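# Observations on the model geometry
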Amino acid sequence: VKSKGLLKLVIGIGVVAVLAITVPLMSGCRAPAAPEEVEPIKIGMPYYMTGAMARDGVEIKRGTVMAVEEINSAGGLLGRPLEIVEADLINCAPEDVTTAYNLLMAAGVDVNIAGYFLGPVGVHTFGKSDVPLLNASAQQLSLDAVLENKEEYWNIFDGAGGERGYEESFTSLTELLPYEYPNKKVAILTTDFGYSIAITDYFREDAIEAGWEIVLDEIHPFGNTEYGVQLAKIREEKPSLIAFTTVHGAEVISFFTDFIEDPIDSIIWAQYVVSIPEFTEVMGEKSNGVFGSGSYPPEADAWDEKYLARWGEVKTGAFYGPFNYDAVHIWAEAVKRVGDPTDYRAICQAFIDYPYEGWCGRFVFDPDTQAVNWGGIGKGTVPVTLFQVQEQRVIPVLYDDKLANEFQMPWWIER
Amino acid sequence: MTAEQLGNLLITGVTLGAVYAVMALGLTFVYGVTKIFNFAQGAFFTWGAYIAWMLSSGYLHLPYAAVVIITILIMFLFGLGYERAIMYPLRRFPQWDFTTMIVTLGSALLLDNLALVIFGAGMKTLPHLVEGSFNPGAFLITRHDVVILVAAIAIMVILTLFLGKTREGMAMRGVSQDTVGAQIVGIPINRVFSYTFAIAAVLAGISGILLAPKILIYPTVGWTVFIRAFVVMTLGGLGSIKGAVIAAFILAMIEVFATFYIGGIWGLPIFIVVLVIVLTVRPRGLFGTWA
């Protein structure tokens, strides 16, 4: 009797199992596949894992990871999970970029989301394939490369326009900031990198037009850490404004470390470097008071909370975390509209046709340059903000010609 | 040029020269004794700086005197171990000088990447050994720069005395002149090689402590130091301690005045032009033998 009962039980379980498998198939439905069986959509992330810009790389990665985690936890994109494939740009030499490109293409990525490239090397390398590239290199040379070869580079999109976005920096610092400059002398330092030189050109032009005397106008090698001669000139001339344009954190850190040994009453505008968390991390409290610029509008404050919740750290820099987060969403929205992550042409067209509202601003891509409109401090759809380091954090101070937060007198200025 | 400007430039040149001298001494010392061109000297610098950082502002917050002593001790053992584990086994083979040079290059890359994995890519710094500055007249000299200058001169004097007056130093000179001859007369060349690397690592550690507040610490910072050190060593004469120090000050002065008159972008190119001119006239460098 017992063995008969056992037999019935086994047969019963077998019937139920067969029905469970065959009924959905017969009715035309597919059994939902286990999540691990769904092929992921691969996102290429060429960024600075090593080298001089590696601290920026951390922010680039964190922003991208936050967006991907968010999309995956909401069920993925078109029902497929996203997977990040990383590649190191090292110091952005052409051979480094080519190696990163080859690695990503071999991995079968369907989009590349970068932070930035130094020069148009990113356009020329990633433009060889049809896979879309979203980056924020902010250089006219890159935009020109796209414009000159639209047939080939239709897949390259820049979320930060050209250097022109910084063109009102001098005016903002000297006319809009509630600070009375003791003299009309300015010292300008820049590094031998086209992006920094172009921004300096705008700055110098505006300074001359406004009748300021340029007491030092200096280009030094990229990565320079010796400023004894320049500081000797600065201490002798006592300019009330010092502009330092570079993307190399060590340059400004070395300069500022020596400057504060015997400071003079100068406002210091360190352009991009203030956006790199390294500046505040290395300089600590002494970094307070230094000005910088970048696309990080006051409303983006909420990003800080999101960042803190995910990484357990207070965000100290600006731009590339939120930009990369935005870039993933720009692409994901376009893929959703197109319905196929491999229809690259349609996805790129969707970038242009459907502007995206992100943390950094409204991404309206110009059909000609395939870049957003950067129109100066607080202007354009992804506006540039003038900010100041306060309590070791980057605080927007001037935005859209208005004071967004209180200006704090730099600690080294005695008045 | 005003007297004040001239004074400031001379002070800047002297302090920069001291920086370059500190960078070059370890590299020139190890080449002078062993004839091994140690590509890993820059990586030794990086690790010396990281060790000092861990002992001070990074983790342990020890007093600076303890940081210096412990860093020197660790670097000495590190240099000793490096030579014993990597150089010594290779020296038994023919053409070991070339093999060891290539291996130092490989180990430099390994050490750089190890630093990247352990400490991350972000920059770090060390506080000045002595904070503050002097203001003699219209000039400004930071106390830390004075420490670098004193250290550079002290290292040069100590190394020269060590090589000229001590038994171990004379053994090193013997090995540098003729390795086989030194072995025949009973000089323990294996020990000499080990101690040479240990001293070179100590010099790199001291350089790291002195220079990190100026040039920061990151995994590849050693190459920046190495390239300058190489130029200084070549100009001074390969393996010449005195030559390296004098070359460091000459090059620093040229760089400072070039920066002042024609701009900072020309400092390094002129640095190289001077090197080429000197080597054309005197291929062995300024002091191409043991000083």
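Within each chain, residues carry numbers counting from 1 in the order of the written sequence. Each chain gets a letter, beginning with A, and each ligand a number, beginning with 1, in the order they are written. Local features in this predicted model are restricted to residues whose pLDDT is 70 or higher, and side-chain atom pairs enter the listing and the counts only when it is 80 or higher, whereas totals over whole chains, interfaces and linings include all residues. In computing side-chain properties, one takes all heavy atoms of the structure into account and sets aside hydrogens as well as water.

By definition in these notes, contact holds between two residues if any of their heavy atoms fall within 4.5 Å. Listed by partner, the interface residues are 29 residues for chain A and 30 residues for chain B. Summed over both partners, buried area is the accessible surface (1.4 Å probe) that two parts give up on being assembled. When chain A packs against chain B, the two sides together hide about 2400 Å² of surface, and 61% of this comes from carbon and sulfur. Among the residues of chain A in contact with chain B, Glu226, Val229 and Glu261 of chain A are the three that bury the most area, contributing 25% of the side total. Any pair of nitrogen or oxygen atoms within 3.5 Å is treated as a polar contact; in protein, a donor-acceptor pairing is required on top of that, and neighbouring residues in sequence qualify only through side-chain atoms on both sides. Where chain A touches chain B, the interface holds six residue pairs in polar contact (both at pLDDT 80 or more). Strands are runs of DSSP state E lasting at least two residues, helices are runs of H or I lasting at least four, and both sets are numbered from the N terminus onward. Looking at the side of chain A that touches chain B, the elements with two or more residues in it are α2 (54-73), β7 (213-220), α8 (228-237), α9 (249-259) and α10 (277-283) of chain A. Element by element, the count of residues in the side of chain A that touches chain B is highest for α8 of chain A, at seven residues. The residue makeup of the side of chain A that touches chain B, split by class, is 10 nonpolar, eight polar and 11 charged. By the convention adopted, Pro, Cys, Tyr, Trp, Phe, Met, Ile, Leu, Val and Ala count as nonpolar, Lys, Arg, Asp and Glu as charged, and the other residues, Gly among them, as polar.

Glancing now at the packing of aromatic side chains. Two rings from Phe, Tyr or Trp (for Trp, the six-membered ring) form a pair when their centres sit within 6.5 Å of each other. Planes less than 30 degrees apart are called stacked, planes more than 60 degrees apart edge-to-face, and all others tilted. By the definition in use, this model includes 54 aromatic pairs over all chains. Relative to Phe323 of chain A, the ring of Tyr320 of chain A lies with its centre 6.3 Å away and its plane at 80°, an arrangement referred to as edge-to-face. Of this pair, Tyr320 of chain A and Phe323 of chain A both sit in helix α12 (residues 320-338), three residues apart, which is roughly one turn of the helix. Residues Tyr320 of chain A and Phe323 of chain A agree in their burial class; the two are buried. Their ring planes at 90° and their centres at 5.7 Å tell us that Trp411 of chain A and Trp412 of chain A sit as a pair that is edge-to-face. Each residue is assigned to one of three classes by its accessible area relative to the maximum for its type, calculated with a 1.4 Å probe on protein chains only: buried under 20%, partly exposed between the two thresholds, exposed over 50%. Using a relative accessible area of 42% as the deciding quantity, one classes Trp411 of chain A as partly exposed. Using a relative accessible area of 4% as the deciding quantity, one classes Trp412 of chain A as buried. Each member of the aromatic cluster is reached from another via a ring pair, and the members are Tyr48, Tyr116, Phe157, Tyr272, Phe319, Tyr320, Phe323, Phe351, Phe363 and Phe365 of chain A. Lysine and arginine charges are scored as sitting over a ring when NZ or CZ, respectively, is within 6 Å of the ring centre and within 35 degrees of the ring normal. Looking at Lys124 of chain B, its charged tip hangs above the ring of Trp53 of chain B, at a distance of 5.1 Å from the centre.

Further remarks concern the environment of Asp96 of chain A. Residue and element names in this part refer to chain A. With respect to the helices and strands, the residue Asp96 is situated in helix α3 (residues 94-107). When its relative accessible area of 15% is taken as the criterion, Asp96 is described as buried. Here Asp96 is in contact with Asp88, Leu89, Ile90 and Asn91, once residues within four sequence places are set aside.

Backbone hydrogen bonds are what pair the strands of a sheet, in a parallel or an antiparallel way. Residues and elements named next belong to chain A. A pair of strands is considered paired only if DSSP assigns at least 2 bridges between the two. Spatial strand order, β2-β1-β3-β4-β5: five strands in an open sheet with parallel pairing. Each end of this open sheet is capped by a strand with a single partner; those strands are β2 (82-88) and β5 (156-158). Neighbour to neighbour, the strand axes of the sheet diverge by 20° on average, direction disregarded. With three bridges joining them, strand β4 (residues 133-135) and β5 adopt parallel strand pairing. By the bridge assignment for β5, Leu133 is matched with Ile156. Sitting on the sheet, α12 is in contact with β1 (41-47), β2, β3 (111-113) and β4, with an inclination near 160° to β3. As a rule, the C-alpha atoms of each element are fitted with a line to give its axis, helices using only the stretch in contact, and angles between N-to-C directions run from 0 to 180 degrees.

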